[in-house]
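Breakdown of the fold
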Amino acid sequence: MENGSSIAGDSELQQAVRQWLQFDKNPKTVSMVQDLVKEGAVEALKKCFSSRMEFGTAGLRAAMGPGTCCMNDLTIIQTTQGFCSYLEDSFDNIKERGVVIGYDARAHPPSGGGSKRFASLAAAVFISRGVPVHLFSDITPTPFVPFTVSQLGLCAGIMVTASHNPKQDNGYKVYWENGAQIISPHDKGIAKAIEENLEPWPKSWSTEEALKSPLLKDPYQDIHTQYFKAIQKHCHHRDLNKSSEVKIVHTSVHGVGHTFVQSAFQAFDLHPPYAVEEQKDPDPEFPTVKYPNPEEGEGVLTLSFALADREGAAFVLANDPDADRLAIAEKQESGKWRVFTGNELGALLGWWMFRCWKEQNSDDAAEVKNLYMLASTVSSKILRAIALKEGFHFEETLTGFKWMGNRAKDLLDQGKTVVFAFEEAIGYMCSPSVLDKDGVSAAAIAGEMISYLATKSSSLSQQVTNIYEEYGYHISKNSYFICHDQDVIRSLFERLRTHSGQKDSYPTECGRFAISAVRDLTTGYDSNQPSNKAVLPTSRSSQMITFSFANGGVATMRTSGTEPKIKYYTELCAAPGNSDVDAPEEGAG
């Protein structure tokens, strides 16, 4: 390695760079690394090579660029070789069944990386081993990948996307044969297999050859047809939809959602939503928004509100860039816009899915005992309240749709009906055809719900109030703090665990509010259980502590698996019939 004297003192770094230049065939990332070596840019090289991206249950997510810390051609090949090897060990019939690969529109010109390029390289790896690959010929929403796994009975699925992360990021999301995201121990098995397969296989770089292989199929048309046929099972008011006068605006926030949401509305015979022109086409630069995340609320929806005002529309639907989440806003009588929280939308969609199910099953009262709804443990407990009153089952899972998808599959395999699942981060599973959050089907179902409520001279805001008055008010406040320093995060959580100097000595009060129970899903401690052992699965690799208060409040703090955030979630629940909304609001002080 010429002119590498400035990194000569760091043998580990030197070895990592040398191996990289030996394996990498992308001229852009090779040249970037060579330039850093020539400049003696040790710190910059350390940023690229200090560690390897950690493969977890969420797969990979990192910035695109050179080195083992980033998403690039070589790390995609290495990851896919590990995944392929793990699948070969797991399935004798992988060469008959195959895998599916989808991708969004992200791209990073400086490093030559991008979702389509990464998907082609992943396909080349599998094809080099004789594994059939269903590679989408064009961008696709994330939910189409798990849908394809289930529809075609494949061994696995890969979606190349960083969802709503900043534009420089990309990701690699993995689904198992059951159509749900992987859970442990698969992540550990795949991570180990990646480490054992770092040297590119002879044909891993041969994308042109792979794209001509008879093992490569394009599922785009067939899956498009099957998906929109499958979601029509959830269309219950077709005539009403056809005649509805309701005007709805939709934005895909420079992502993949536009054509798919238009098709979903068509499948429900809803009038097509007005598309936000400046944001409807995929653009990896996300030029009109600071963050392409509809969870951020009004900042992302400014152009949508302007279009709605021009067209006289009272509703805005927004997908994140890979169209697996859905945000909704409604214009109030005051002229202001109300952006609903994920928990409020969970209440609305849960109420609607149960109402539609009940209409279809009114003859069989006993069937409600077979019905399930799911939510993550940091989401609102409103579904629990509805389930208690209506007689169906409600279950909580750990945070993330990987848990809800896998649990839903277990229940479906037992002959149960899973009608709805949600998480407060605007993720909704309204159809068991997709065992993951799906912003496309949720958009059409929300469109039908809005149209139905309009015939009753009601609005989403009024219906949220109706739900809370019938099942009990649930007041939530969720947010986050950005923190890039892992040591600060660790010490913060450890301080809570050793509040009075002893192990497992958590705080007993917060201000004037008494804490009645503590559950720590990092250590497995739960003061509510007779054995003090938590029932939900625990994980040492992430931080999560829940405090229950004597006044009925619940507060959870956790780290994010995909972003440098400490998130917090709080909720106060009132008993059904207690319509004094100010009481829980004051209690939340």
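Within any chain, residue numbers begin from 1 and follow the written order of that chain's sequence. Given that this is a predicted model, residues contribute local features only at a pLDDT of at least 70 and side-chain atom pairs are listed and counted only at 80 or more, while totals for whole chains, interfaces and linings are drawn from all residues. Excluding hydrogens and water, the side-chain values take into account all heavy atoms of the structure.

**Details of the environment of Ala16**
The following threshold applies: Runs of H or I in DSSP of at least four residues are treated as helices and runs of E of at least two as strands, each being numbered from the N terminus.
Within the secondary structure layout, Ala16 lies in helix H1 (residues 11–23). Sequence separation between Ala16 and Phe49 is 33 residues; the distance between their C-alpha atoms is 6.6 Å.

**Here we look at the pattern of salt bridges**
In plain terms, the rule: Within this document, salt bridges are pairs made up of a side-chain nitrogen of Lys or Arg and a carboxyl oxygen of Asp or Glu, the two lying within 4 Å of each other. Burial classes follow relative accessibility: with a 1.4 Å probe on protein chains only, a residue under 20% of its type's maximum area counts as buried, one over 50% as exposed, and anything between as partly exposed.
All chains considered together, the criterion is met by 27 salt bridges. Between Glu88 and Arg129 there is a salt bridge, with the nearest N and O atoms lying 3.0 Å from each other. Highlighted residues: Glu88 in helix H4 (residues 73–90) and Arg129 in the loop between helix H6 (115–128) and strand S5 (133–135), separated in sequence by 41 residues. The class of Arg129 is partly exposed, set by a relative accessible area of 33%. Its salt-bridge partner being Asp269, residue Arg238 comes within 3.0 Å of it at the nearest N-O pair. Of this pair, Arg238 sits in helix H11 (residues 238–243) while Asp269 is found in the loop between helix H12 (257–267) and strand S10 (274–275), placing the two residues 31 residues apart along the sequence. Overall, the relative accessible area of 26% leaves Arg238 in the partly exposed class. Overall, the relative accessible area of 27% leaves Asp269 in the partly exposed class. Look at the salt bridges and you will find they share partners, linking Lys173, Asp324, Glu423, Asp436 and Lys437 into a network.

**Description of the pairing of strand S11 (residues 315–319)**
Threshold: By this definition, two strands are paired if DSSP reports at least two bridges between them.
Along S11, five of the five residues are buried, which leaves the element largely enclosed by surrounding structure. Here five bridges tie S11 to strand S12 (residues 326–331), and the two strands are oriented antiparallel to one another. Across the sheet, residue Phe315 finds its bridge partner in S12, namely Glu330. Linking S11 back to S12 in an antiparallel pair, the connection comprises six residues, with Ala323 at a positive phi of about 60°.

**Focus on the pairing of strand S22 (residues 544–549)**
Within S22, five of the six residues are buried, leaving the element largely enclosed by the surrounding structure. In this structure, strand S20 (residues 513–520) lies alongside S22, joined through five bridges in antiparallel fashion. By the bridge assignment, Asp520 is partnered in S22 with Ile545. With five bridges joining them, S22 and strand S23 (residues 553–559) adopt antiparallel strand pairing.

**Concerning unusual backbone geometry**
In the segment running from Ser184 into Pro185, the intervening peptide bond is cis, with an omega of 10°. Note on placement: Pro185 falls in the loop between strand S7 (169–175) and helix H8 (186–195). Look at Ser163: it is not a glycine, yet its phi comes out positive at around 55°. Position of Ser163 among the secondary structure elements: in the loop between strand S6 (156–160) and S7. Ser163 gets classed as buried once you look at its relative accessible area, which sits at 2%. Of note, the phi angle at His254 is positive, near 65°, even though the residue is not glycine. By the element assignment, His254 lies in the loop between strand S9 (248–251) and H12.

**Looking at the sheet that holds S12**
The criterion, for reference: Here, two residues are considered to be in contact whenever any of their heavy atoms come within 4.5 Å of each other. Axis definition: a line fit to C-alpha positions, over the contact stretch in the case of helices; interaxial angles, taken between N-to-C directions, run 0 to 180 degrees.
With mixed pairing, five strands are arranged side by side in an open sheet as S10-S9-S11-S12-S13. At either end of the open sheet lies a strand with only one pairing partner, and these are S10 and strand S13 (337–339). For S12 and S13, the ladder comprises three bridges, and the chain directions are antiparallel. Bridging from a neighbouring strand, Ala329 pairs with Val339 of S13. Taken strand by strand, H12 contacts S9, S10 and S11, and its axis lies near 145° from that of S9. Along the sheet face, helix H18 (residues 460–471) touches S11, S12 and S13 and points at about 105° away from the line of S12.

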